[in-house]
Amino acid sequence: MDYHYVLYVDEAGDDKVDRLKPQHENGNSEWLCLGGYLIQRKYEHEMESRRDSILKALRRPAGQTIHFKNLKPRTRDLVATELAKYPARGFVVCSMKKTFQGHHNPKAAAKSTGNPNDLLYNFVTNLLLERVTQFVGRHAASSAISDPKLKIVMASRKGHHFGRFKAYIQQKKGKPLLAPLSLTPMSLILTC
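Throughout what follows, the structure given in this document is the object of discussion. (Residues numbered from 1 in each chain as written. Predicted model: local features only at pLDDT ≥ 70, side-chain atom pairs only at ≥ 80, totals over all residues. Heavy atoms only, no water.)

**Some words on a positive patch on the surface**
For step 1, the next point in the chain: Residues Arg59, Arg60, Lys72 and Arg74 make up a contiguous surface patch of positive charge.
For step 2, the next point in the chain: Within the secondary structure layout, Arg59 lies in the loop between α1 (47-57) and α2 (73-83). (Patch = residues over 30% accessible without salt bridge, like charges linked within 9 Å, V, L, I, M, F, W, Y side chains within 5 Å. Areas by Shrake-Rupley, 256 points an atom, 1.4 Å probe, with all protein chains shown as cover. Salt bridge = Lys/Arg side-chain N within 4 Å of Asp/Glu carboxyl O. Lys, Arg positive; Asp, Glu negative; His and termini not counted. Charge placed at Lys NZ, Arg CZ, Asp CG, Glu CD. Helix = DSSP H or I, 4+ residues; strand = E, 2+ residues; numbered from the N terminus.)

Right under this line is the structure:
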């Protein structure tokens, strides 16, 4: 299937809502953050060279993975400055997991088949996709693209079933979590 845009998605933190820091010294992060890096397809071939250009600025060998959390503050600024040079759009959703402790939503649980721990991840990802697809819809309209298609490349997560996640997202189309936005009708191509 042909597509017009590519969204790269990765998370920081985890989706466990019990035993959170700082109350539990060796507990789970109190945040789940999901970031998306959106480009037009015409720039997809540049992604490796973009990464390698950033690595060169960091005086590191080409081809390495950049983990933002492992960078020093000065180096983080350098990476952010380098990323800002490219035609792209960044999106992020930050969820403070304390707000989910003790929360139960039977309707969401029924729709999020599979691992019950996927509920928070699916919810946060849905929020991210609402914002991204609305932006893509506006951008496509201004670029005379009548039927925009978005390819979503997600970092793989241990224990997460992407087939069920794709079904979850498909059934959420047109049912926004954040009014007045919704998943703009478009074809979504999910890969990991």
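**Quick word on the pattern of salt bridges**
For step 1, the next point in the chain: Tallied over the entire structure, the rule returns 7 salt bridges.
For step 2, the next point in the chain: Here Glu30 makes a salt bridge to Lys98, at a shortest N to O gap of 3.6 Å. Here Glu30, found in the loop between β1 (5-13) and β2 (31-40), pairs with Lys98, found in the loop between β3 (89-96) and α3 (106-111); they are 68 residues apart in sequence, far enough to count as distant.
For step 3, the next point in the chain: Note that Asp52 and Arg51 form a salt bridge whose closest N and O atoms lie 3.0 Å from each other.

**Points about α1**
Since the α-helix packs 3.6 residues into each turn, any two residues three or four apart lie on the same face.
For step 1, the next point in the chain: Residues of α1 that are buried include every one of Met47, Arg50, Ile54 and Leu55, and no others. Take α1 and look down its axis: the buried residues cluster within an arc of 135°, on one side only. Residues of α1 that are exposed and point more than 90 degrees away from the buried face comprise Glu48 and Lys56.
For step 2, the next point in the chain: Residues of α1 that are buried make contact with β1, β2 and α2. (Buried < 20%, exposed > 50% of the residue type's maximum accessible area, 1.4 Å probe, protein only. Arc of directions from axis to C-beta. Contact = heavy atoms within 4.5 Å.)

**Description of the pairing of β2**
For step 1, the next point in the chain: With 9 bridges connecting them, β1 and β2 associate as antiparallel partners. Residue Glu11 lies in a different strand from β2, and its bridge partner there is Leu34.
For step 2, the next point in the chain: As paired strands, β2 and β3 are joined by 8 bridges and run antiparallel to one another. Bridge pairing links Leu34 to Val93 in β3. (Pairing = 2+ DSSP bridges.)

**Thoughts on the nonpolar core**
For step 1, the next point in the chain: Among the nonpolar cores identified, the biggest contains 25 residues, and Leu7, Leu38 and Val132 are the most heavily contacted of them.
For step 2, the next point in the chain: Contributions of two or more residues to this core are made by β1, β2, β3, α4 (118-142), β4 (149-154) and α5 (162-172).
For step 3, the next point in the chain: Take this core: its biggest share by element is 10 residues, from α4.
For step 4, the next point in the chain: Apart from the residues within four sequence positions on either side, Leu7 is in contact with Gly36, Tyr37, Leu38, Leu129, Val132, Leu150, Lys151, Ile152 and Val153.
For step 5, the next point in the chain: Ranked by size, the runner-up nonpolar core spans 8 residues in total, among them Tyr37, Ile39, Tyr86 and Ile189. (Core = buried A, V, L, I, M, F, W, Y, C linked by side-chain atoms within 4.5 Å.)

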